[in-house]
Amino acid sequence: MDSRPEPASSRPLPRGLPIRIWPPGPRCTLRGEPGFEHLERTEAATLSLDEFQALAQQALEDLPPEISRHMDNVMLFIEDDGVDPATGEPLLGLYEGTPLTERGEGWAAGSLPDRISLYRRPILEICASRSEVLLEIQVTVIHEIAHHFGVDDARLHELGWG
């Protein structure tokens with residue numbers, strides 16, 4: 001019997017995955033469509049909220065199970081714009097919450113979920129195609145999840161995920 005895991009494209013989203021997208025959107029139907037990586041910049045920049053949510057869902061489905069199973073009490077939000085309060089620069093994503101490394105025994109009592117925000121317009125502005133949007137969402141989600149695990153920006157930059 002083959003004990004290798006199924007490829008990501010056929011693996012269903014694990015039941016009870018502790019991260020959810022808000023607002024909820026459709027499941028991605030773009031995976032495997034030939035030619036979508038060659039769309040013009042204007043097409044990528046005009047992706048609808050539903051299409052963007054579908055790509056975010058795909059990025060979550062493609063997370064390795066060893067990462068998603070260790071996440072705890074996290075929600076993913078899709079918002080139009082976000083600005084770094086310190087610099088005024090646009091943000092692609094933001095983690096707000098208590099990293100796992102800082103949670104004590106009584107942390108869970110009454111705690112709101114950690115929040116990862118993806119900012120749609122800034123991501124769409126730097127991408128030329130849907131495949132680039134998906135890649136940027138994946139990189140941004142992984143970056144913000146790393147903050148959930150207690151990894152700071154300096155270390156993420158060292159690792160090439162800055």
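Residues numbered from 1 in each chain as written. Predicted model: local features only at pLDDT ≥ 70, side-chain atom pairs only at ≥ 80, totals over all residues. Heavy atoms only, no water.

Asker: Before we go on, may I ask you to explain the overall build of the protein chain in this structure?
Answerer: Scanning the protein chain from terminus to terminus reveals 6 helices and 4 strands. What you see in the protein chain, going N to C, is helices and strands ordered as β-α-α-α-β-β-β-α-α-α. Taken over 162 residues, the protein chain has a buried fraction of 36%. Sequence separation of at least 24 residues holds for 78% of the intrachain contacts in the protein chain that already meet a minimum separation of 6. Carbon and sulfur atoms make up 54% of the accessible area of the protein chain, which amounts to about 9500 Å² in all. (Helix = DSSP H or I, 4+ residues; strand = E, 2+ residues; numbered from the N terminus. Buried < 20%, exposed > 50% of the residue type's maximum accessible area, 1.4 Å probe, protein only. Contact = heavy atoms within 4.5 Å. Areas by Shrake-Rupley, 256 points an atom, 1.4 Å probe, with all protein chains shown as cover.)

Asker: Would you mind going over the packing of aromatic side chains with me for this structure?
Answerer: Two aromatic rings, taken as a pair, are described by how far apart their centres are and by the angle between their planes. What the rule picks out here adds up to 0 aromatic pairs. Sitting over the face of the ring of Phe77, Arg115 holds its NZ or CZ atom 3.8 Å from the ring centroid. (Phe/Tyr/Trp six-rings, centres within 6.5 Å; stacked < 30°, edge-to-face > 60°. Lys NZ or Arg CZ within 6 Å of the ring centre and 35° of its normal.)

Asker: Help me understand the nonpolar core in this model?
Answerer: Generally speaking, nonpolar side chains in soluble globular proteins are found buried as a group. Phe52, Leu76, Leu118, Ile123, Val133, Ile137 and Val141 are the most contacted members of the largest nonpolar core, which has 22 residues in total. Going through the elements one at a time, helix H2 (49-61), strand S2 (74-79), strand S4 (114-119), helix H4 (120-125) and helix H5 (130-148) are the ones with two or more residues in this core. Sequence-distant contacts of Ile123, defined by excluding residues within four places in its chain, comprise Phe52, Leu92, Leu118, Val133, Glu136, Ile137 and Thr140. (Core = buried A, V, L, I, M, F, W, Y, C linked by side-chain atoms within 4.5 Å.)

Asker: What is the right way to read the pattern of salt bridges from this model?
Answerer: Side-chain pairs of opposite charge can arise whenever the charged atoms involved come near each other. The tally for this structure, following the rule as stated, stands at 8 salt bridges. Note that Asp81 is salt-bridged to Arg121, the shortest N-O span being 2.6 Å. Of the two residues, Asp81 is situated in the loop between S2 and strand S3 (93-96) and Arg121 in helix H4; the sequence distance between them amounts to 40 residues. For Arg155, the salt bridge is made with Glu158, and the minimal N-O distance between the two is 2.9 Å. You can see Arg155 and its partner Glu158 sitting in helix H6 (residues 153-158), 3 residues apart, about one turn around the helix. Overall, Arg155 belongs to the partly exposed group, its relative accessible area being 40%. Given the relative accessible area of 59%, Glu158 is considered exposed. Connected through shared salt-bridge partners, Asp80, Asp81, Arg120 and Arg121 make up one network. (Salt bridge = Lys/Arg side-chain N within 4 Å of Asp/Glu carboxyl O.)

Asker: Any chance you could explain the pairing of S4 here in plain terms?
Answerer: Looking along a regular strand, one sees the side chains alternate between the two faces of the sheet. With 5 of 6 residues buried, S4 is to be regarded as a mostly interior element. Examined bridge by bridge, S3 and S4 share 4 bridges and lie antiparallel to one another. Each bridged residue has a counterpart across the sheet, and for Leu94 the counterpart in S4 is Ser117. (Pairing = 2+ DSSP bridges.)

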